[in-house]
Amino acid sequence: GQSLEQPSEVTAVEGAIVQINCTYQTSGFYGLSWYQQHDGGAPTFLSYNGLDGLEETGRFSSFLSRSDSYGYLLLQELQMKDSASYFCAVRIGDAGKSTFGDGTTLTVKP
Amino acid sequence: GAVVSQHPSWVICKSGTSVKIECRSLDFQATTMFWYRQFPKQSLMLMATSNEGSKATYEQGVEKDKFLINHASLTLSTLTVTSAHPEDSSFYICSASPTGQGNQPQHFGDGTRLSIL
C-alpha cells in the first residue's frame, strides 16, 4: 500500500516563505504531485516532480528526493489568497493513478 | 489547456434515490479517468479507476455494486451512486489526463456535492 505524511497545519504571515514537507512509503512510485484546494473547491494542480531535484513555477517550487522518499512544496512571497489546503500525492504507475496525503492547512495572516 | 467538466455540481435528493454523475474531458481523449470521494476536512480518497471499454477497477473497501462506473467513450465516464443513503453524502471528484500522458498532471473536474436527506 501507500502512505504519505505531511503536517496538518502551518501558519505564516504575508510575504513570508513556507515549506510543506511530505514523506511517503509506496511501491510503484512514479512521481510526486502537489495540489491546492480552497474551501468548497476542487483541487488544482501546482507542481510535479518525476525526477530528483527542484521544479520552479513562479512563487511555488517543489523538490523531490527519491532516495529519501521525501519531497516538499515551497511557497514564497505568501499572499492571503494562498490560505488553502495543500496535498501531496504520489503517482503510481504511468496511467496517472494517485494517492493523496491528508493535506496541510495553510493559514496566511496579515 | 486540458479541461475536465463534471456535472452536476450539486445534488440534493431523498434516501434511496440513485444519482448519476458525469465526468467529461472537453478537449482531449482519456482512456483512463479516476473517481475520488472527499469528506469534509479530509483527504481525497481514490474510489476507482475508470477504463474506457472495460470494467472499472475499484479500490479496496469500495462496493462496486453501490458505485457503478461506466466509461463508454474516450471523453465520458459516469459514476452512479445506487440507492444512495445519508452516509453517501460527500464531495465526488473525477480526474483525467490525455491518453498516453499519464505522466502529465491530472486535471480535476469541479466536483459534485451530493447530499442525501
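Structure report, in brief. Computed from a prediction, not measured in an experiment: that's the story for all the values here.

A few points about the packing of aromatic side chains
- Going through the model one piece at a time under the given rule, you end up with 12 aromatic pairs over all chains.
- Taking the centre distance of 5.1 Å and the plane angle of 20 degrees together, the rings of A:Phe63 and A:Tyr72 count as stacked.
- A:Tyr72 gets classed as buried once you look at its relative accessible area, which sits at 16%.
- A centroid spacing of 5.4 Å and a plane angle of 85 degrees characterise the contact between A:Phe100 and B:Tyr36, whose relative ring orientation is edge-to-face.

Focus: the interface of chain B and chain A
- Taken together, the 23 residues of chain B in the interface contact 20 residues of chain A.
- Carbon and sulfur atoms make up 56% of the area that chain B and chain A hide from each other, which totals about 1,500 Å².
- With a closest N to O distance of 3.0 Å, A:Lys97 and B:Glu59 form a salt bridge.
- Inspection of the region where chain B meets chain A yields 5 residue pairs in polar contact (both at pLDDT 80 or more).

A few points about the sheet that holds strand 3 (residues 18-25) of chain A
Residues and elements named next belong to chain A.
- The sheet built from 5 strands is open, its strands ordered 1-3-8-7-6 with antiparallel pairing. The strands lining the two open edges of the sheet, one partner per strand, are strand 1 (3-5) and strand 6 (53-57). Taking the axes of each pair of neighbouring strands and ignoring which way they run, one obtains an average angle of 20 degrees across the sheet.

Rules and cut-offs
- Residues numbered from 1 in each chain as written.
- Chains lettered and ligands numbered in written order.
- Predicted model: local features only at pLDDT ≥ 70, side-chain atom pairs only at ≥ 80, totals over all residues.
- Heavy atoms only, no water.
- Phe/Tyr/Trp six-rings, centres within 6.5 Å; stacked < 30°, edge-to-face > 60°.
- Buried < 20%, exposed > 50% of the residue type's maximum accessible area, 1.4 Å probe, protein only.
- Contact = heavy atoms within 4.5 Å.
- Buried area = accessible area lost by both parts, 1.4 Å probe.
- Salt bridge = Lys/Arg side-chain N within 4 Å of Asp/Glu carboxyl O.
- Polar contact = N/O pair within 3.5 Å; in protein donor to acceptor, adjacent residues only side chain to side chain.
- Pairing = 2+ DSSP bridges.
- Helix = DSSP H or I, 4+ residues; strand = E, 2+ residues; numbered from the N terminus.
- Axes fitted to C-alpha atoms, helices over the stretch in contact; angles between N-to-C directions.

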